[in-house]
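Understanding the architecture of this molecule
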Amino acid sequence: MTEVSTALLQQYSLPGPRYTSYPALPFWDTTPGPQQWLQHLDSALAAPAARAGLYVHLPFCSSLCTFCGCNVRVARGHGAVQPYIDQVLREFELYREQLGRPRWSIGELQLGGGTPTFLDAAELDALLGGLLQHCDLTPDASLATEADPRTTSSAQLQTLRRYGFTRLSLGVQCLDPRVQDIINRVQTLAELRAVTDNARELGFTSLNYDLIYGLPLQTADSIEQTFAAVLRLRPERVTYYGYTHVPWIRPSQRRFTEADLPEGQARLILQHLGRKRLLEAGYIELGVDQFVLPGEALLQAQSAGLLQRQFMGYTPANTQALVGLGVSALGATGASYMQNEKNLQNYQTRVQQGELPLQRGHLLSAQDIALRAHIMALLTTYRANWHSNDAACAVLQPALTRLAPLQADGLVELGERSITVTATGRPFLRTICMALDARLLARSPELALGNSPL
Ligand SMILES: C[S@@+](CC[C@H](N)C(=O)[O-])C[C@H]1O[C@@H](n2cnc3c(N)ncnc32)[C@H](O)[C@@H]1O
Ligand code: SF4
């Protein structure tokens, strides 16, 4: 196990993108027109063996966790659910019509939210039946959903299994009652264990738990207590996020104050402690925020060079385009990104009018595409290398200079045209990617100066 000193953490843990895309979403600046987006999808899916991924955003939650940074809609009853399902199905129909592609080969289906298991079993059936009747799932297709252990029933899990879902990601966050109280998310270990056991009995083969460090009132004891309890349940994956505080976007985060948040060194200690407990328990650090048990599909994909990182995190699925359905859903092709309307009412109105509800996106430049390949290589294999004629050389060669202090501290090994992240460097993967992030460096030139860790 690789121990990391607090001094290294303090120096190199910089706030930065999670790199579920490159450029990261705040840096998108050239939205493709609808026809251009459709053309990109069409050419990405034109090859004989090409397959698409589908992401469906289901925004409903039964209550609001005050820390939450996702696009959610608190719903008391289910009145809004069926109309929303109809709109998502209509949106997929619009894609099928406008692309002249009545049947789709699908390598990945992901439900996210909000809380997909806010939908009851019949509603999940309506959604999945409506989508998948137009799809051919590839034999190795990966079907995954997020779920809230507080609202997930056996009937819902059975429905998901019937459609071929094998991956379940459960929100856990933190089990300390004081933290749960201030984030308005009281959930018990017994609930988590019941859903975990039930999912395994029904044949889910990969369970992920989302855990967070940096939540209000969280202490080292909260982390010890949470990890001691949850790691006994042996989820195949753990995603260990740092809490993102964006009260100007999510006003519910104002229900606690900055004084309640562990910041600076206190936050780093929580990050370090959780990571340490994961590694001691036999988990392997796969990449940014992601830990997996040996033998997990993501590790096999990594060994085979097939691991991908996209908006929902790491995936073993090999797809050529991702289509996002639902409010705020994200999509991607090799040359563009796209996000749907973030306002639920606008999303619904536009779909009802027969219009693709696209809001903003990004057309990747040749340099973006080259840098994305190298950043994704670092994120999935801990290594990037390039030739002298690489379209991003103007960024990559200075990145070696920026990373020289990290080499001196044993976090990376630098070649003439290569970067390899060492075992000690793994917790700093985001910071290392930031050295290649031309768009971030253009906006924050101070990061590139001699006195900065980059
Ligand atoms: C859509 S939610 C998960 C599913 C379900 N709604 C639940 O809460 O159990 C996705 C995950 O995003 C993470 N998340 C949400 N807000 C966050 C924030 N402000 N900072 C860091 N992670 C956050 C949480 O770990 C959460 O489990
Ligand atoms: S954490 Fe999950 S349940 Fe809580 S508000 Fe966010 S999406 Fe909803």
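Values in this document were obtained by computation on a predicted structure and should not be read as measured data.

Thresholds applied
- Residues numbered from 1 in each chain as written.
- Chains lettered and ligands numbered in written order.
- Predicted model: local features only at pLDDT ≥ 70, side-chain atom pairs only at ≥ 80, totals over all residues.
- Heavy atoms only, no water.
- Helix = DSSP H or I, 4+ residues; strand = E, 2+ residues; numbered from the N terminus.
- Rg over C-alpha atoms; globule rule 2.2 N^0.38 Å.
- Contact = heavy atoms within 4.5 Å.
- Areas by Shrake-Rupley, 256 points an atom, 1.4 Å probe, with all protein chains shown as cover.
- Lys, Arg positive; Asp, Glu negative; His and termini not counted.
- Charge placed at Lys NZ, Arg CZ, Asp CG, Glu CD.
- Pairing = 2+ DSSP bridges.
- 1 Å grid on protein atoms, 1.4 Å probe; cavity = no way out; pocket = protein on both sides within 12 Å on 5 of 7 lines; lining within 4 Å.
- Points joined across faces, edges and corners; volume = space filled by probe spheres on them.
- Nonpolar A, V, L, I, M, F, W, Y, C, P; charged D, E, K, R; others polar.
- Domains from an automatic or database assignment.
- Near = heavy atom within 4 Å.
- Polar contact = N/O pair within 3.5 Å; in protein donor to acceptor, adjacent residues only side chain to side chain.
- Buried area = accessible area lost by both parts, 1.4 Å probe.
- Salt bridge = Lys/Arg side-chain N within 4 Å of Asp/Glu carboxyl O.

**As for the overall build of the protein chain**
Of regular secondary structure, the protein chain possesses 16 helices and 19 strands. For a compact globule of 454 residues, the expected C-alpha radius of gyration is about 22 Å, and the protein chain comes in at 22 Å, within 12% of that figure. Projecting the C-alpha coordinates of the protein chain onto the three principal axes gives extents of approximately 55 × 55 × 40 Å. Considering only intrachain contacts with a sequence separation of at least 6, the fraction spanning at least 24 residues in the protein chain is 73%. Looking at the protein chain as shown, the accessible area adds up to about 17,800 Å², and 52% of this sits on carbon and sulfur atoms. In the protein chain, the 38 positive side-chain charges and the 40 negative ones have mean positions that sit 1 Å from each other.

**Thoughts on unusual backbone geometry**
A cis amide bond links Tyr22 to the next residue, Pro23, at an omega of -5°. Examined against the element boundaries, Pro23 turns out to sit in the loop between helix 1 (6-12) and helix 2 (34-44). Note that the residue after Gly113, namely Gly114, is joined by a cis bond; omega there is 20°. Here Gly114 lies in the loop between strand 4 (104-113) and helix 4 (121-132). Positioned with a positive phi, Asn184 is a non-glycine residue whose angle comes to about 55°. Topologically, Asn184 is positioned in the loop between helix 6 (177-182) and helix 7 (189-202).

**Things to note about the pairing of strand 18 (residues 412-415)**
One ladder, built from four bridges, connects strand 18 with strand 19 (residues 418-421); its direction is antiparallel. The residue bridging Glu413 from the neighbouring strand is Thr420, located in strand 19. The hairpin formed by strand 18 and strand 19 contains two residues between the paired strands.

**Overview of empty space enclosed by the protein**
Rolled over the atoms, a probe sized like a water molecule indicates the empty space that remains. If you walk through the whole model with that rule in mind, you get one cavity of 30 Å³ or more. Approximately 30 Å³ is the volume found for the largest cavity. If you go around the largest cavity, the residues you meet are Trp37, Tyr95, Val323, Gly324, Ala329, Gly331, Met338, Gln339, Asn340 and Leu358. Counting residues per element, the ones that place at least two in the lining of the largest cavity are strand 13 (321-325) and strand 15 (336-340). Of the residues contributing to the lining of the largest cavity, the split by class is six nonpolar, four polar and no charged.

**Quick notes on the layout of surface pockets**
For the second largest pocket, the calculated volume is near 560 Å³. Lining the second largest pocket are 25 residues, and of these Gln308, Arg309, Thr319, Arg372 and Met376 lie nearest its centre. The element contributing the most residues to the lining of the second largest pocket is helix 12 (residues 366-381), with seven residues. The class makeup of the residues in the lining of the second largest pocket is 11 nonpolar, 12 polar and two charged. Viewed by domain, the lining of the second largest pocket spans two of them, domain 1 (1-20 + 365-443) and domain 2 (21-325), each represented by three or more residues.

**Details of the site of ligand 1**
Near ligand 1 lie 20 residues; those nearest to it are Phe67, Gln173, Arg185, Asp210 and Thr244. Between ligand 1 and Phe67 there is a distance of 2.9 Å, counted from a nitrogen atom to a backbone nitrogen or oxygen. The separation between an oxygen atom of ligand 1 and a polar side-chain atom of Gln173 is 2.7 Å. Protein contacts shield 92% of the accessible area of ligand 1, which totals 560 Å² for the unbound molecule. Looking at the shell around ligand 1, the elements that each hand over two or more residues are strand 5 (135-147), strand 6 (167-173), strand 7 (206-213) and strand 8 (237-242). Each residue belonging to the shell around ligand 1 can be placed in one class, and the counts come to seven nonpolar, nine polar and four charged.

**Quick look at the domain arrangement of the protein chain**
Considered domain by domain, the protein chain is made up of domain 1 (1-20 + 365-443) and domain 2 (21-325). Spacing between the C-alpha centres of domain 1 and domain 2 amounts to 26 Å. Between domain 1 and domain 2, the residue contacts involve 31 residues of the former and 29 residues of the latter. Summed over both sides, the interface of domain 1 with domain 2 buries roughly 2,800 Å², with 58% coming from carbon and sulfur. For Arg439, the salt bridge identified is with Asp29, shortest N-O distance 3.0 Å. Inspection of the region where domain 1 meets domain 2 yields 13 residue pairs in polar contact (both at pLDDT 80 or more).

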